[in-house]
Each structure stands twice: as structure tokens, then as C-alpha cells.
Amino acid sequence: MTDLSQPATDVGIDLDLEFDVEGMTCGSCAARVQRILSKQDGVADARVNYATGMAHVRLADNGVDDSALVAAVDRIGYGLVPHRRAEDRRAEQAAHERSWQRRLLVGAPIALLFGGFMLAGMPMWAEGWFAWTLVTAVTFGVGWPFLHEAWRRARALTTNMDTLIALGTLSAWGYSTVQWLIGGMPRYWDAPVFIVVFLVAGRYAEARAKARAGDALQSLLELGAKQARLVDPDGAEDRMVDVMELAVGDRVRVRPGETIPVDGTVVDGASAVDESMLTGESVPVEKSAGSPVTGATVNRGGALTVEVEAVGSRTVLAQMAALVERAQAGKGEAQRLADRVSAVFVPTVIVVALATLGIWLAVTGDVPAAVTAAVSVLIIACPCALGLATPVAVMVGTGRAASMGIVVKGIEALEQVRHVDVVVFDKTGTLTTGRMSVASVIGPDEVLAVAGAVEVDSEHPIGEAIVAAAREAGPLPTAASFTSHAGAGVEADVDGVRRWIGTRRLMAEQGQTLSGELEDAASALEADGITAVFAAWDGAVHGVVGVADTVKESAADVVADLRGLGVEVALLTGDNSRTAEAVARRVGIDRVLAEVLPRDKQAEIERLQADGLVVAMVGDGVNDAPALTQADLGVAMGSGTDVAIQASDLTLVRGDLAQVPTAMRLAGATERVIRQNLAWAFGYNTLAIPVAALGLLTPAIAGAAMAFSSVSVVLNSLRLRRFGAEGRS
């Protein structure tokens, strides 16, 4: 199979292909290409975005040959090409913008001249060859892109916005030319000039605005280094190479002040690395041999030698950019409705224009007035604003989110945010720092050493904290036959005796007796938000280890902020109810779901949904992944595991809780802008066509109004760029 497209498997989405679409000029073009791609055998789903010029094709299990997709799109007059690198698309976009600028510079003086003629009256010497030459130059020269695309559509027996423009301008030009040749009046020389120049100005402004809308994504991509110092195998010398030439296992040298070019592990040297682009933390992080480093972070201290572990599309930076780009290419329900309207819009408008011409001729017999009204209908009824309403707002909104460290995986997430009724927080690592430490030990001296020995093979933060404290106190005995009980504790043999370390439930299940004295001590710890871990052997609990997790400083403010947005907040944890309620009281949460095993977290989310609630889940661990997937909106902390991040809809790159309400506000602001855009686009076309059909607009004014409608949608979307880091727009 010809590899024309870029697979998206690096960001956790299988059987996806990405293409760039050439020749689209309006929303109806995108709708037509999408419809053709969706009909191809082996295609499960296709989405085409006019604003980004991209097509995302999801294949069915049997797949499809790329050449079949290319041929299908070519038959309707468009092009399907490999999805190009961001730098190449940026250069092409700049060239496209310059092309419209040149056409505007040629056409604008001619439009100003005819504007003067309108005000002062056109002199007789200008009515003939002079006017015809200038108007023809504008219609067929400056306006050539419109005519060329209309001809391509006609050859493919399809229509789009350029069809309307071509019919309108050629009708005005042809009518005026015939009137000149036969010596008749009136002549609408100004109409094709103003139509073309206004539309060219609109296309130029649209191109500039769309480029600005994608600036955040481009800025994200430009953070990465373009070259790297490749260390020769003998380690004696290094040479500059393109980053794309590096392979996994290569070693690169990073000097002080340079950007780390790849994801990898430090094998030599020590330094402080500025990771603010990734985490938002301004304090550099110390790195030495064995420390992981991320591409696009900056080496602030000494020289480092890094072994390459990920390059190209597999780096953290590239995957963030891919997720943002995919979100920008998505379509919500409102835009899918707009696409369906755009698909039938152009043929309908042509019918309305012909009907307008016929009715005017039948009722008035006034040929000039009939032509004016029909041309005005053709020109003003542009579906561009409908096609741009959602994608440009999503481009700006997700780009702004990315610049604030919030990665949005799809527009569906943006649409879902405004419906959220309850935000459920995981406790450890989300509301708390996740850095556990032993606060107290109750019982004989051996309790801590035994607990530490049993927990040596545990990967749970509580177990790691107990092991660290036990090792500080002295050497640990050897443990054997380790067994883990998910969400309850662990057991192992120490000094030939079976020992259990864990929760009350584990003690009860294993038949270990808990004395009233230790029960009271444990309850006192839990009342203070300290987790009580019991140590038992020989049929009885011998001691309690109190382990505390620090609540994040921002947690209480975040909970209050969410409540201010009218959202209920809940706590979901595997901890016992006393510890969970103590943490909940500290941060201001009323609803507590405690002692929930990892396998049951998803069921708890389902139970909330069964009550009719729209649920957002915020988590960071592997055991949170099913719940994040089940939730209507999954939010992963960027400091969490890859599994949790892949399962989520939003990723908070910096791992900052305060980004939760910020993300909700930004999503809400983006949704509002989308609805404003769609309301304007639908309202404009609903009102403008009847006004034009009644003869109340000239073709020139219709052209200006049509251009303004598209530009206004883009400018309204650009307001999202001012959305503040504090969550206010």
C-alpha cells in the first residue's frame, strides 16, 4: 500500500490516516470531500476540516488502499496529498497569503478609481475601451482563482462558493459588455470590480487570520531544536546533524544554554534543566546520570550527554502537537449540522437566483433590475461563514489551551465541559502531592522494620514511604513469597513468619485480631487525615504505621472555584472513609466515595451517571484509566502515568490543579464563540438572501457583505487568544 499519509498511532489512535486536501475554498467543499471519503469501501469514518485543510480518515478493519482515496477525491475536482510537516504547511500558507495580497494591491486602486466614478459620474471617455479593459483585467486577472476553481468544479459536475462568485461576476461583466457593444445602458462596470476586490480582500484577511489562529500550535512546534550534536561512537568528537537524522540509541551532547533536542536519558554530566515549557515550573530541575530529559527543554547548567530514546513523532512535544492538531480538526454536532447545510446550499442558491431573475422579468420586465437582483443573490449567499464558524474557534481555543499547558484531544471534550454536573477527584497525586511519608509508628520497635521488609517489592506510594522510613532506621530483614492484594495491602514471609501489612479489611479477611487500643490509635490518626497501615502476624495486629500525604496548597481554592462555576465536587479514593473525609473537610468537599477498589472506580462513575449526572473525572494513575474513560470528561494530570493520559480527554501538562477550572472556563468560552459564530452565519444567510432577491442590494454591496461575514467570524474567534491564564477571557 502506498504510504501517502501519516499514521497517528503515536498518540494512541490506531488505523487513522491524515491527508492535506487541496482546492477547498469553502465549507461546502469540505462537506463534499468528506462525503466522498466516507463512502469509500474500507473507511469507517472521515472528517474534513476547511479551516485546517486536513482530512482525517479512520479505516475499518479491512483497510483501504490510499490510491483509491486519492482517485475518489480527484474525481470531484480536489486533491488529496500526504499530510505535510508543519514547517512546509506554514511556508505554503505564507505563499498563499502573499498571493492574495498581490491581487489586492493590483485590484484596490482600480476599485478606488471606479468608486470615484460612482461619486462624480463616469466621463464619456471612460465608458468604452478604458472601462472594459480595467474591468476585464480585474474579472479575469485579479479574480482568476475564483474562475479557475469554478471551472474545476464544473468539470467535475459539482458546485461550490466559487461557482456562485463566477456566475455573479461573469453575469455582470457579460451583461455590461453586451450593453457596451450594442450601445445600450445601463452598464454595471463597477459591479464585477467591487465584487472581485471585496472578495479578494476578504480572502486575504481570512488567510491572515487563519495563520494567526494556528500560531499557538506553530509556537509549540518551534520549541523543539532543529539540530543536535551527535557524539561519535568513540565519544571523542561530536558533529552537528539534523534532528530527524537521529536514531534511538544515538548519543547527543547538549552544551549549557542549548535546547535538548530529543527525549532520552542522561548518561554523563550533571546540570539543571529548565522544564517550564512542559511543567510551568520556573525552577530548573537537577539532572545527572540516569535522569530522564524531554526534548525542547533547556539546559541551564553544565554539559550533558544524552542517549536518544525518542525522536520525531514519538517525542513528548510532537505527541502534544499531534493531539492539539487532531482536536483542531474535529467537528462538533453544531458544525456537522452546518456542513450538511453547506453541502446543499450552493445548488439551492443557484435555483433561488434563477427564480429571482425569472420573477423580476415576469413581474417588471426590467432586465437590468432582474440581473442586478439575481447577481446579488449569487454573490451574497456564501456558505464560507458556516464553514469557518467552528473550526477557526476550535483552532484558536485549543491553541490557547496548549500555550497554557492544557492539551485538548477533541472538540467533543469542549462540547461536554459545559454540561458537567460533578467533578470527581482522585485523591493521591491529584488532590494531594502523592509524596507519602511516615508520620508515626505505634507498637513494638520491630513493627516498622517488618512493615518495610514486606513492602520492599510494593510499587504503592504508601509502601515506598514505609520502606524509606524503615531503611533510615536501620537494615531490613529479608522477605520472601511476596503477594499483593490490590487496594488492600501486601503480605510476605519475614524470618519464617507470614506477615500482613495493609487495611482493616485485609486484617479481617486474613483473620488477624485488632485490639481496641490499636483501633483507637488508628482512629485518632485517621481523624487527622493520616492513613493507618496495620501490621499483623501470628493471628493478631501488632502495630500501626501512620502515613501522611500532603494536600496540595491550591486544592481548597480549586474546589471553591469549581463550586463558583455551579459544579459539584466529589472525592474518589481507595483510602478508608475517615482519612478520605479528613482530606475532604480540609479542601471543602462534601461528597466522599471512599474505600473504592481500583477495579470499582469505573463502577462508581457509572453509578453517578445512572443518577443523570454528567461526570468529569480528574486522575493521574494507571488505576484511574478505566474511570477516566468511563467519565463523560476525563482529565489527566500531566505528571501522571501515560496510561491515564491516553485515557483522558484533557491533559493538564503542568499537573496544576488550578488548571481544572481554567480548562472548564476556556472550553466554555470556546463553546460560546462557536455558537456566536454559527448564529451569525445562519442569521446572515437567512436575512441576506431575501434582501438581495428583493433588489435592495447592489452586487458590489453584496460582495462586501459576504466578505465581511467570513472575516467577522474569524475575528470573533480570535478573541479567544486573549483568554487569560487566570481563566477569564
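Keep in mind the model is a prediction, meaning the values are calculated, not measured. (Residues numbered from 1 in each chain as written. Predicted model: local features only at pLDDT ≥ 70, side-chain atom pairs only at ≥ 80, totals over all residues. Heavy atoms only, no water.)

Peer 1: Explain the overall build of the protein to me, using residue names and the numbers behind them.
Peer 2: Summing up its helical and strand segments, the protein has 26 helices and 26 strands in all. Relative to its 729 residues, the protein shows a buried fraction of 55%. Carbon and sulfur atoms make up 56% of the accessible area of the protein, which totals about 30,200 Å². (Helix = DSSP H or I, 4+ residues; strand = E, 2+ residues; numbered from the N terminus. Buried < 20%, exposed > 50% of the residue type's maximum accessible area, 1.4 Å probe, protein only. Areas by Shrake-Rupley, 256 points an atom, 1.4 Å probe, with all protein chains shown as cover.)

Peer 1: Could you give an account of the environment of Thr698, with specific residues and numbers?
Peer 2: In this fold, Thr698 is placed in the loop between α25 (659–693) and α26 (699–718). In the structure, Thr698 is positioned 323 residues away from Val375 in sequence and 8.4 Å away in space, judged by C-alpha atoms. Residues within four places of Thr698 in sequence aside, it is in contact with Thr372 and Ser376. (Contact = heavy atoms within 4.5 Å.)

Peer 1: Account for the pairing of strand β22 (residues 568–572), naming residues and giving values.
Peer 2: Within β22, four of the five residues are buried, leaving the element largely enclosed by the surrounding structure. Inspection of the sheet shows strand β15 (residues 422–426) paired to β22 by five bridges, in the parallel sense. Across the sheet, the residue bridging to Val422 is Glu568, located in β22. Where β22 meets strand β23 (residues 591–593), three bridges bridge the pair, whose relative direction is parallel. What sits directly across from Leu571, in β23, is Val592. A crossover connection joins β22 to the parallel β23 through helix α21 (residues 577–587); in handedness this β-α-β unit is right-handed. (Pairing = 2+ DSSP bridges. Right-handed = clockwise from strand over helix to strand, strands pointing away.)

Peer 1: Just give me the short version of the pattern of salt bridges, but keep the residues and values in it.
Peer 2: In the structure shown here, the tally under the stated rule is 16 salt bridges. A salt bridge links Asp426 to Lys601, with the shortest nitrogen-to-oxygen separation between them at 3.1 Å. Taken together, the residues span a long stretch of sequence, with Asp426 in strand β15 and Lys601 in helix α22 (residues 601–610) at a distance of 175 residues. Like Lys601, Asp426 is buried. Across the salt bridge formed by Asp590 and Arg563, the nearest N and O atoms sit 2.7 Å from each other. In this pair, Asp590 sits in the loop between α21 and β23 while Arg563 sits in helix α20 (residues 555–564), placing the two residues 27 residues apart along the sequence. What emerges from the salt-bridge pattern is a single network uniting Glu491, Asp493 and Arg498. (Salt bridge = Lys/Arg side-chain N within 4 Å of Asp/Glu carboxyl O.)

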